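# Structural description and commentary
The chain contents come next:
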Amino acid sequence: MTGSLHLWLIPLLPFAGFLINGLLGRRLPKALVTAVALLASLGSFGVVLINVFSMLGSIHMPASLPVVETFGTWINTGALHIDFSFVLDQLSIIMLLVVTGVGFLIHIYSVGYMAHEEGYWRFFAYMNLFMFFMTVLVLAGNALLMFVGWEGVGLASYLLIGFYFQRTSAADAGKKAFIVNRIGDFGFLIGLFLLLANFGTLTFSEISAKLAANPAWTGGVLTAIALCLLLGAAGKSAQLPLYVWLPDAMEGPTPVSALIHAATMVTAGVYMIARTHTLFDRSPFALGVVAIVGAATALFAATIGLVQNDIKRVLAYSTISQLGYMFLGCGVAAYSAAIFHLMTHAFFKALLFLAAGSVIHAMGGEQDLRKMGGLRNKIPITFWTMTAAVLAIAGFFPFAGFFSKDAILYEAFQHGGSGKVLWFVGVVTALLTSFYMFRLWYLAFTGESRSHDVRPHESPWSMLGPLSLLALLSVVGGWIGIDRFGSFLAPVLGEVGNSATAPGGKQLDIMLSIIAVAVALIGWFIADRLYRQKPDSPARIAAALPTGYSVLVHKYYVDEIYAMTIVRPLLFMSKYFLEWVVDVGLLGGAAWMLAGSATLSGAILQRWQSGNLRSYAAWLAVGAAALLVFVFVPWSTVLANFGIHLGMAGQ
Amino acid sequence: MNPTLGHLLQQEIPLTWYLLLSAVLFCLGVLGFLIKRNLITVFMSIELMLNAVNLSFVTFAHQWHEVKGQIFVFFVMMVAAAEAAVGLAIIIAVFRARATLAVDRIDLMKL
């Protein structure tokens, strides 16, 4: 490797964009704000691309990767030494390409989408800030620097969810996202402390090296660390039980939902698990928990997605469900399959959100699927790109989602006895996914328009361009295949390609693929029956199953349960114990007592200040006399007469 | 000449007598300060206390053959002179303002 790769440019360009737009954006003309934001993210993407291209020739020389660039010491106290170091390896290359590439496309899209919004400059400043923290998270060479990016993207997410802060629901959603993420971050932090205590370092490569040097080291504290990290990952990646913030995060502008809450930030948990996979590999129990959490979340969120009527909420639950797939992949130690799905999901889910944004734009801000319909001919480009994304997420050959979902399901199936159950859950989820995506598709695009006071119009090219590019990626994104993808990532994730190695793997793979596609077709078929052929049947089914339907519509009452068991008791305790007893009672009471005793003693002592000169003089004389007595009376002798001995006097 | 008296005069007066005189004078000053109503008398009592202290200074200076005590006396006299000037000025000002010199009626300096 010749010379530096200037990895610092990747995060710092967006940061410069954030500083310029954040500090001066209010006074800058709109065109300049746009230019700064786009150039910052484009520059970041460009640096990544240049690095990747300069490395393409040397990919088969493992010695050249990873590239570690250190920009100085951050913390150096005793045994603890932490650098500002960035690592470029196969894993971070994939993530960087996704983050900066999709990020740049969404920046372009936002120019059109946010054109008429208040706080245009603020939006782009936050977006650039997000890009900065996300690239730091991805490039970080140690867990603490990753944590900085981790918290930073949380901040950017909070700011962007609450972008329309005049709306109470948006401000609340931002708070909810932040607080729920804090629970996860708590786990992450404890994991970091445990790592530090047991490994003495937070550098990923050193941790892996230490693990490799101690092959007998399994379970125990490693399980604890892995579970703590999993809690952090579950918070950021919206898994059970911490997924509740993501649906509410849809209060943010749609490009934000696409970039942060679908394509990039929420995948940080998956990335983190892949990054620390050497730890998880040593703890079968923690891996099992990851797999179960992933599978449960995938199924759980998919069922909620069936009945949502807000187009963005359907996509939000779909995102949670797909993240569940990625966790499932991680849980069966198929990290490259998980990252593969992460990448294709970034393409098609960003596309879904952007297309949904285009639909919302066309409908003049309407997000309710029940009021859409018949948009197919009115916004044809959006329709076709959306179709590509729906086919991709449903898992139809040869769209991107097929390959990655297939890879995860195959690995799950191969994963021992419990793997069959995981696989079955995955297949059921695939059925549900296909159903709710086509439900959305039918409700939005086919039939007759169900609202008559809007005139749908196609979006500007700044929005359609990214849509088309992402649609292309959603089609071809999976063609690289899990084998080549896996062998590319193998130096980091330490796996060999999957299907070709197992005996009879090829046939099994093909069979499982056929099942997956068949299931997706069934989902499509059901959606077709229910929402195209007999549009009144969904209501009849809902009426026939009132309990089940209302449980799903109310999202299993999870928010209500959390409110009852956690939020209310906390608020109750805060109000009646912390505020009234501790704050007003103890602290306030102590302050009042202090003030009161000062006032009271002042009231008594002020009588001394009579203004009478002679009384002052008398007190002076008394004081002087007392001093004389004190100094000249031989106290020890006097007291000894009374049998009292002071200090050494008695010896 | 009474030999006894002459004998007495030739003898040193003991230190104790000087100190007792000084203490008596000082106590008279304190008493005067505390019980007299007239501001000028009170003021004179202060002078009495100062001079009582001066006397003990001089006594000790003589006893220990130290010049420091005498120097202190000069300082005290100087301060006393300054105090007298300022104090009398204040007394005149008070008298002009209140038309009385009774200490217990000059008691506005309180809360």
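Residues numbered from 1 in each chain as written. Chains lettered and ligands numbered in written order. Predicted model: local features only at pLDDT ≥ 70, side-chain atom pairs only at ≥ 80, totals over all residues. Heavy atoms only, no water.

Moving on: the overall build of chain A. Across its full length, chain A holds 26 helices and two strands. C-alpha extents for chain A along the principal axes are approximately 110 × 65 × 55 Å. Looking at chain A as a whole, 53% of its 651 residues are labelled buried. A fraction of 79% describes how many contacts in chain A between residues 6 or more apart in sequence connect residues 24 or more apart. When the accessible surface of chain A is summed, it comes to about 27,600 Å², and 72% of that surface belongs to carbon and sulfur atoms. If the 35 positive side-chain charges of chain A are averaged to one point and the 29 negative ones to another, these points end up 6 Å apart. (Helix = DSSP H or I, 4+ residues; strand = E, 2+ residues; numbered from the N terminus. Buried < 20%, exposed > 50% of the residue type's maximum accessible area, 1.4 Å probe, protein only. Contact = heavy atoms within 4.5 Å. Areas by Shrake-Rupley, 256 points an atom, 1.4 Å probe, with all protein chains shown as cover. Lys, Arg positive; Asp, Glu negative; His and termini not counted. Charge placed at Lys NZ, Arg CZ, Asp CG, Glu CD.)

Of regular secondary structure, chain B possesses four helices and zero strands. Starting at the N terminus and ending at the C terminus, chain B contains elements arranged as α-α-α-α. By the compact-globule yardstick of 13 Å for 111 residues, chain B is too spread out, its C-alpha radius of gyration being 19 Å. Reported as C-alpha extents along the three principal axes, the dimensions of chain B are approximately 60 × 30 × 25 Å. Classification of the 111 residues of chain B by burial places 23% in the buried group. (Rg over C-alpha atoms; globule rule 2.2 N^0.38 Å.)

Let's shift gears to the packing of helix α3 (residues 90-113) of chain A against helix α15 (residues 335-362) of chain A. Residue and element names in this part refer to chain A. Remark: α3 packs on α15, axes separated minimally by 10 Å, with the N-to-C direction vectors making an angle of 5°. Classed by the angle they form, the pair α3 and α15 counts as roughly parallel. In this structure, α3 uses L91, I94, M95, V98, V102, I106, Y109 and Y113 to contact α15, whose residues at the interface are I339, L342, M343, A346, F347, A350, L354, G357, S358, I360 and H361. (Axes fitted to C-alpha atoms, helices over the stretch in contact; angles between N-to-C directions. Parallel < 35°, antiparallel > 145°, perpendicular 65-115°, else oblique.)

Turning our eyes to something else, we now look at unusual backbone geometry. Across the junction of L240(A) and P241(A), the peptide omega takes the value -5°, indicating a cis bond. Its place among the elements puts P241(A) in the loop between α8 (221-236) and α9 (245-248). A cis geometry characterises the amide bond from F397(A) onward to P398(A), with omega recorded as 0°. Looking at the element boundaries, P398(A) is found in the loop between α16 (380-394) and α17 (400-413). Of note, Y556(A) is a non-glycine position whose phi angle comes to about 60°, a positive value. Mapped onto the elements of the fold, Y556(A) is located in the loop between α23 (546-553) and α24 (558-605). Phi is positive for A99(B), close to 60°, though the residue is something other than glycine. Mapped onto the secondary structure, A99(B) falls in the segment after α4 (68-98).

Time to look at the side chain of R439(A). Residue and element names in this part refer to chain A. Tracing the sequence through the fold places R439 in helix α18 (residues 416-445). Put simply, R439 is tucked away with no salt bridge, and the nearest opposite charge, on D368, sits 7.7 Å away. Of note is the side chain of R439, whose polar atom sits 3.0 Å from the side chain of N309. Ignoring sequence-local partners within four residues, the contact set of R439 consists of G305, L306, V307, Q308, N309, V314, L369, A527 and Y531. (Salt bridge = Lys/Arg side-chain N within 4 Å of Asp/Glu carboxyl O. Polar contact = N/O pair within 3.5 Å; in protein donor to acceptor, adjacent residues only side chain to side chain.)

This paragraph deals with the interface of chain A and chain B. Taken together, the contact between chain A and chain B spans ten residues of the former and 13 residues of the latter. Taken over both partners, the interface formed by chain A and chain B buries close to 960 Å², and the fraction arising from carbon and sulfur atoms is 61%. On the chain A side of the interface with chain B, the three residues burying the most area are Q609(A), L613(A) and R614(A), jointly 53% of the side's total. The tally of links between chain A and chain B comes to zero salt bridges. (Buried area = accessible area lost by both parts, 1.4 Å probe.)

Glancing now at the pattern of salt bridges. Residues and elements named next belong to chain A. Using the criterion set out here, one finds eleven salt bridges over all chains in the structure. When the shortest N-O distance is used, the salt bridge between R167 and E251 registers 2.9 Å. One end of the pair, R167, is in the loop between α5 (143-161) and α6 (168-199); the other, E251, is in the loop between α9 and α10 (254-263), with 84 residues separating them in the sequence. Overall, the relative accessible area of 39% leaves R167 in the partly exposed class.

Residue and element names in this part refer to chain A. In contact at an axis separation of 7 Å, helix α13 (residues 284-305) and helix α14 (residues 311-331) are set at 160° when each is read in the N-to-C sense. Judged by the angle between their axes, α13 and α14 are roughly antiparallel. In this structure, the crossing between α13 and α14 has a hand that is left-handed. On α14, the residues touching L287, V290, A291, G294, A295, T297, A298, A301, A302, I304 and G305 of α13 are V314, Y317, I320, S321, G324, Y325, F327, L328, C330 and G331. Looking at the contact of α13 with α14 residue by residue, the classes come out as 15 nonpolar, six polar and no charged. (Left-handed = near helix turned anticlockwise from the far one by under 90°. Nonpolar A, V, L, I, M, F, W, Y, C, P; charged D, E, K, R; others polar.)

With that settled, consider the packing of aromatic side chains. Residues and elements named next belong to chain A. According to the stated counting rule, one finds 34 aromatic pairs over all chains in the structure shown. For the ring pair W608 and W619, a centre distance of 5.1 Å and an interplane angle of 40° mean the geometry is tilted. Pair noted here: W608 is in the loop between α24 and α25 (613-632) and W619 is in helix α25, with a separation of eleven residues, a long-range link. By relative accessible area, W608 is classed as exposed at 52%. Among the aromatic side chains, those forming a connected cluster through ring pairs are F383, W384, F396, F438, W441, Y442, F445 and W524. When the ring centre of F413 is taken as origin, the NZ or CZ atom of K420, which lies over that ring, is 4.5 Å away. (Phe/Tyr/Trp six-rings, centres within 6.5 Å; stacked < 30°, edge-to-face > 60°. Lys NZ or Arg CZ within 6 Å of the ring centre and 35° of its normal.)

What follows deals with the side chain of S44(A). All names here are of chain A. Assignment of secondary structure puts S44 in helix α2 (residues 30-56). Take S44: its relative accessible area is 0%, and that puts it in the buried class. For S44, the contacting residues outside a window of four places in its chain are I10, L13, P14, T100 and T135.

Okay, the pairing of strand β2 (residues 80-88) of chain A next. Two elements, strand β1 (residues 67-77) of chain A and β2(A), share eight bridges in a ladder whose sense is antiparallel. What sits directly across from V68(A), in β2(A), is V87(A). (Pairing = 2+ DSSP bridges.)

What follows is about the environment of N181(A). Residues and elements named next belong to chain A. You can see N181 is positioned in helix α6. A relative accessible area of 4% means that N181 is categorised as buried. Put simply, N181 and A238 are 57 residues apart on the chain and 8.8 Å apart in space, counted from C-alpha to C-alpha. With residues up to four places along the chain from it excluded, the contact list for N181 reads G235, K236 and W245.

As a further point, take α3(A). Look at α3(A): 34 Å from first C-alpha to last across 24 residues, which is about the 34 Å you get at 1.5 Å a residue. Summarising burial for α3(A): 22 of the 24 residues are buried, a large majority. (Expected span 1.5 Å × (residues − 1).)

With that settled, the discussion passes to the confidence of the model for chain B. Mean pLDDT over chain B works out to 87, with 90% of the residues at or above the 70 mark. As scored by the predictor, the complex reaches a pTM of 0.78 and an ipTM of 0.72. (pLDDT = per-residue confidence, 0-100.)

Residue and element names in this part refer to chain A. Topologically, D368 is positioned in the loop between α15 and α16. For D368, a relative accessible area of 15% translates into the label buried. Separated by 56 residues in sequence, D368 and K312 place their C-alpha atoms 8.8 Å apart. Polar side-chain contacts of D368 include one of 2.9 Å to the backbone nitrogen of R370.

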